[in-house]
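The lines below spell out each chain.
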Amino acid sequence: MTRPARQTIQLTPELREGLLLAASVVGLLTLILGLLMPASGRLARRRAALGELRGRIAAGHAMVESRAAHVEALERARAGFDPWKARVGTDQSVARVLEELTQRAGQRHLELVAVQPKAEEAPRVLSVSGGLTVREMPVHLRLTGRYRQIGEFLGTLRGGRFLAAVRRIALARSEEGGAVLNAEVDLLIYLQESPVG
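Residues numbered from 1 in each chain as written. Predicted model: local features only at pLDDT ≥ 70, side-chain atom pairs only at ≥ 80, totals over all residues. Heavy atoms only, no water.

Draft legend 1. Region of interest: the pattern of salt bridges. Enumeration according to the criterion identifies five salt bridges in this entry. Across the pair Glu100 and Arg104 runs a salt bridge, and its minimum N-O distance is 2.5 Å. Taken together, the residues Glu100 and Arg104, both in helix H2 (residues 94-107) and four residues apart, mark about one turn of the helix. Accessibility assignment for this pair places Glu100 and Arg104 in one class, buried. As a salt-bridge pair, Arg168 and Asp186 come within 3.0 Å of each other at their nearest N and O atoms. With a gap of 18 residues between them, Arg168 in strand E4 (residues 163-173) and Asp186 in strand E5 (residues 180-192) connect regions that are remote in the sequence. For Arg168, a relative accessible area of 38% translates into the label partly exposed. (Salt bridge = Lys/Arg side-chain N within 4 Å of Asp/Glu carboxyl O. Helix = DSSP H or I, 4+ residues; strand = E, 2+ residues; numbered from the N terminus. Buried < 20%, exposed > 50% of the residue type's maximum accessible area, 1.4 Å probe, protein only.)

Set out below in C-alpha cells:
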C-alpha cells in the first residue's frame, strides 16, 4: 500500500500576517475576557454591598431623626409614671387607706356603714415596669347618702394619696326614703410591695 503524498501549504506573507493578526485578536480577547469576567463579578458584588450600605445609612438617619421624638415620649411616660408611683408609695398601708376613705366620706356627709377588705379575694401581686411591684387589695364599702355626695366621694378617689379603681358600684334606695341611697362599692387599692432584703 502506498501512502498518499503529503501536501504542504505555502503561506504567503499576507496570509501569514492575517493568521498572526487573527491569533493576536483571539489571544487579546481571551485575555480581556479573563480579566473582565472576574472584575465584573466583583463589581456586581460591590454594587450589591453598596446598595445594602445605603439602606443601612438611610435607616440610621431615620433613627437619628426619630430619636428626639422617642426621648420626648419617654420623658412624658416617666412624668406620668412618677406621680402614679408616688401614689402607691411604700409609706401606704391598708389601714391608712381605709382611714383616708373614712375621712373623705365624712367630709362629704356620707355615712360609711362598713369598710372592709374582701376576705374571699386574695390580693394579687403585679409587676410593673421599672422594677415596681404592687399589691392589688380588694376593698368593699357600704355608703349611705345622697347621689351627689356619693358621686363627689368617688370623684375624690382620682386625686387621692393612694391609687384606687372602682370595680363595681350598686345603688339602691334607702329604707329611710327620700333622696337617700345605699351604695355598695367594690374598690381595688394598689399598694407598693416593700422590697425584700
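Draft legend 2. Summary view of a nonpolar patch on the surface. On the surface, Ile9, Leu11, Leu15 and Leu19 cluster together into a nonpolar patch covering about 390 Å² of accessible area. Mapped onto the fold, Leu11 is located in the segment before helix H1 (13-87). Among the residues examined, Leu11 registers a relative accessible area of 33% and is labelled partly exposed. (Patch = residues over 30% accessible without salt bridge, like charges linked within 9 Å, V, L, I, M, F, W, Y side chains within 5 Å. Areas by Shrake-Rupley, 256 points an atom, 1.4 Å probe, with all protein chains shown as cover.)

Draft legend 3. Spotlight on helix H3 (residues 147-156). Among all positions of H3, only Gln149, Ile150, Phe153 and Thr156 are buried. Buried residues of H3 fall within an arc of 120 degrees about the axis and therefore sit on the same side. Exposed side of H3, more than 90 degrees from the buried face: Tyr147 and Arg148 are the residues found there. Where H3 is buried, its residues meet H2, strand E3 (132-146), E4 and E5. (Arc of directions from axis to C-beta. Contact = heavy atoms within 4.5 Å.)

Draft legend 4. Inspection of H2 at higher detail. With 14 residues, H2 extends 20 Å from end C-alpha to end C-alpha; this agrees with the ideal 20 Å at 1.5 Å per step. Of all the residues in H2, the buried ones are Val97, Leu98, Glu100, Leu101, Arg104 and Ala105. End-on, the buried residues of H2 take up no more than an arc of 160 degrees, which puts them together on one face. In H2, the exposed positions that point more than 90 degrees away from the buried face belong to Ala95 and Gln107. Where H2 ends, the next residue or the one after it, His109, has phi of about 60 degrees, a positive value. (Expected span 1.5 Å × (residues − 1).)

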